[in-house]
Structures are given as structure tokens and as C-alpha cells.
Amino acid sequence: MINIPNLLTLFRLLLIPVFLWLFYSGIEAARFWAALVFVLAAITDALDGYLARKLEQSTPFGAFLDPVADKVMVVMALVLVTVDLQSLWMTIPALIMISREIIISALREWMAGLGRRASVAVSGSGKLKTIFQMVALIGLIWQPSAAWLSWVMPLSWGLLYIATLLTFTSMVQYVYASRNDFGSEPE
């Protein structure tokens, strides 16, 4: 159960209170440091899955914990940024993204009960959604004020809306892939 990929996932969970504290700390460059912690979490997200496959260290515990850590970190970032910006233009994408995570998690659980979890395995569009989402959130967390970084916020907003579109389309793809099993009873 304890291996490098799982330790990285546990480390990502430990970063959550650090991220939260930095976001609200008010220390100098707090947003930069919070964004940096979020970057570190995103890197560990990519690295733990890669290492689990490369080192052949996949475990049931890791398969459970990794998506939980990912979703908690992203949902927390979405909520913090939404509360901070107090904008309908942030609230709508955040609601779509959080709703999608709940729907797909429930769908995967249900499909696992049917013995068909593979039909809702992570897809390329889901991974692409995550990349756009993470990069958008980094900018929205940071919100740099330096004039030479004035491009960060417009880029982050654009990426957020691309991520929202990818979020919705990947959800539709997962639901569509499961459509033939909707009448089935879990075991």
C-alpha cells in the first residue's frame, strides 16, 4: 500500500490545508505562493499516475485515493476562486465542473457495480479537460498585478471556458458510453 505513487497522492492531500492557508493568509505574495502550491499538486497528480504505471506499483488504495485527492484539490480551488471573484462568470463554470465531477463519480461507481467500470475509464478528453482546468485555475488563483503579466488573467479566463466546454463534452461522452447499461441492475 505504501509506495512512491501513493506517497505522492498523500502528499497532495497534505498540500490542501497549506494551499487553503496561503490563499487566505494575507502574507506578501500569498496568491503567488498559493498558486505555486496548486502547481505542485498538479505536478504530483501527473507524476503519481505515471510512476504507478512505470514502476508497476498500482494499488487498489491508490486507485481509490488518487481521484479523491484530485477532486478535493480542484473543487476547493474552484470554490475559493468563485467566492473570491464573486462573479456569475466564474460561478457558472465552477458549478458545471463540480456537477460533472459528482455525476461522473456516481456513474463510475454505478458502472463498477455492473462490472463495467472500464466503459467509463478516464478518456483523452477528460485528461485534456484537466490540463486546461489546472492551468486556468493557476492563473485565477494567482491573479498577478504586475503590468508585464497582464496577459495571465485574460488567458486564464479563456482557458477556464475551454475547460468548461471540455468538462461538459467529456461528461456527455461518458454518459453516452454508458447508455446501454442504464436499464441494468448492479450486482
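Residues numbered from 1 in each chain as written. Predicted model: local features only at pLDDT ≥ 70, side-chain atom pairs only at ≥ 80, totals over all residues. Heavy atoms only, no water.

Q: Give me the pattern of salt bridges: which residues, what numbers.
A: Within the structure shown, the criterion is met by seven salt bridges. Note that Arg31 and Asp84 form a salt bridge whose closest N and O atoms lie 2.8 Å from each other. With a gap of 53 residues between them, Arg31 in helix α2 (residues 30-54) and Asp84 in helix α3 (residues 60-85) connect regions that are remote in the sequence. Relative accessible area serves as the criterion here: at 32%, Asp84 is assigned to the partly exposed category. The partner of Arg100 in a salt bridge is Glu101, and the shortest N-O contact between them spans 3.2 Å. Each member of the pair, Arg100 as well as Glu101, is classed as buried. Connected via shared salt-bridge partners are Arg12, Asp48, Asp66 and Asp70. (Salt bridge = Lys/Arg side-chain N within 4 Å of Asp/Glu carboxyl O. Helix = DSSP H or I, 4+ residues; strand = E, 2+ residues; numbered from the N terminus. Buried < 20%, exposed > 50% of the residue type's maximum accessible area, 1.4 Å probe, protein only.)

Q: Quick one: what's the story with α3, residue by residue and with numbers?
A: For an α-helix the count is 3.6 residues per turn, leaving residues at separations of three or four pointing the same way. In this model α3 runs 38 Å from its N-terminal to its C-terminal C-alpha over 26 residues, within 8% of the 38 Å that 1.5 Å per residue would give. Trailing α3 by a residue or two, Gln86 shows a phi angle of about 45 degrees, which is positive. (Expected span 1.5 Å × (residues − 1).)

Q: I'd like a description of the packing of aromatic side chains, backed by residues and values.
A: Applying the stated criterion across every chain yields a total of six aromatic pairs. Both rings, one in Phe19 and one in Phe38, keep their centres 5.8 Å apart while their planes meet at 45 degrees; by these two values the pair is tilted. Here Phe19, found in helix α1 (residues 4-25), pairs with Phe38, found in helix α2; they are 19 residues apart in sequence, far enough to count as distant. By relative accessible area, which is 0% here, Phe19 ends up buried. The buried category is assigned to Phe38, whose relative accessible area is 1%. An angle of 65 degrees between the planes, with centres 5.9 Å apart, marks the rings of Phe32 and Trp142 as edge-to-face. Within this pair, whereas Phe32 is found in helix α2, its partner Trp142 is found in helix α5 (residues 124-142), the two being separated by 110 residues in sequence. Through a chain of ring-to-ring contacts, three or more aromatic side chains come together here, namely Phe19, Phe23, Tyr24 and Phe38. Positioned above the aromatic ring of Phe23, the side-chain terminus of Arg31 is 4.1 Å from the ring centre. (Phe/Tyr/Trp six-rings, centres within 6.5 Å; stacked < 30°, edge-to-face > 60°. Lys NZ or Arg CZ within 6 Å of the ring centre and 35° of its normal.)

Q: A description of the nonpolar core should follow, citing residues and the corresponding values.
A: Grouped together as the largest cluster of nonpolar side chains are 31 residues, with contacts concentrated most on Phe19, Phe38, Leu78, Met90, Leu137 and Ile141. Among the secondary structure elements, those contributing two or more residues to this core are α1, α2, α3, α4 (88-113), α5 and α6 (152-178). Ranked by the residues each element gives to this core, the list is headed by α3, at seven residues. Those residues in contact with Phe19 that lie beyond four places of it in its chain are Ala34, Val37, Phe38, Met73, Met76, Ala77, Leu80 and Ile141. Judged by nonpolar contacts, the second largest core, of six residues, contains Leu107, Met111, Leu114 and Met171. (Core = buried A, V, L, I, M, F, W, Y, C linked by side-chain atoms within 4.5 Å. Contact = heavy atoms within 4.5 Å.)

Q: How would you summarise unusual backbone geometry if you had to cite specific residues and measurements?
A: For residues that are not glycine, phi is negative in most cases, and the peptide bond is trans in most cases. Here the phi dihedral of Ala29 falls at roughly 60 degrees; this positive angle occurs in a residue that is not glycine. Structurally, the position occupied by Ala29 is in the loop between α1 and α2. What makes Ala29 partly exposed here is its relative accessible area of 40%. Of note, Gln86 is a non-glycine position whose phi angle comes to about 45 degrees, a positive value. Position of Gln86 among the secondary structure elements: in the loop between α3 and α4.

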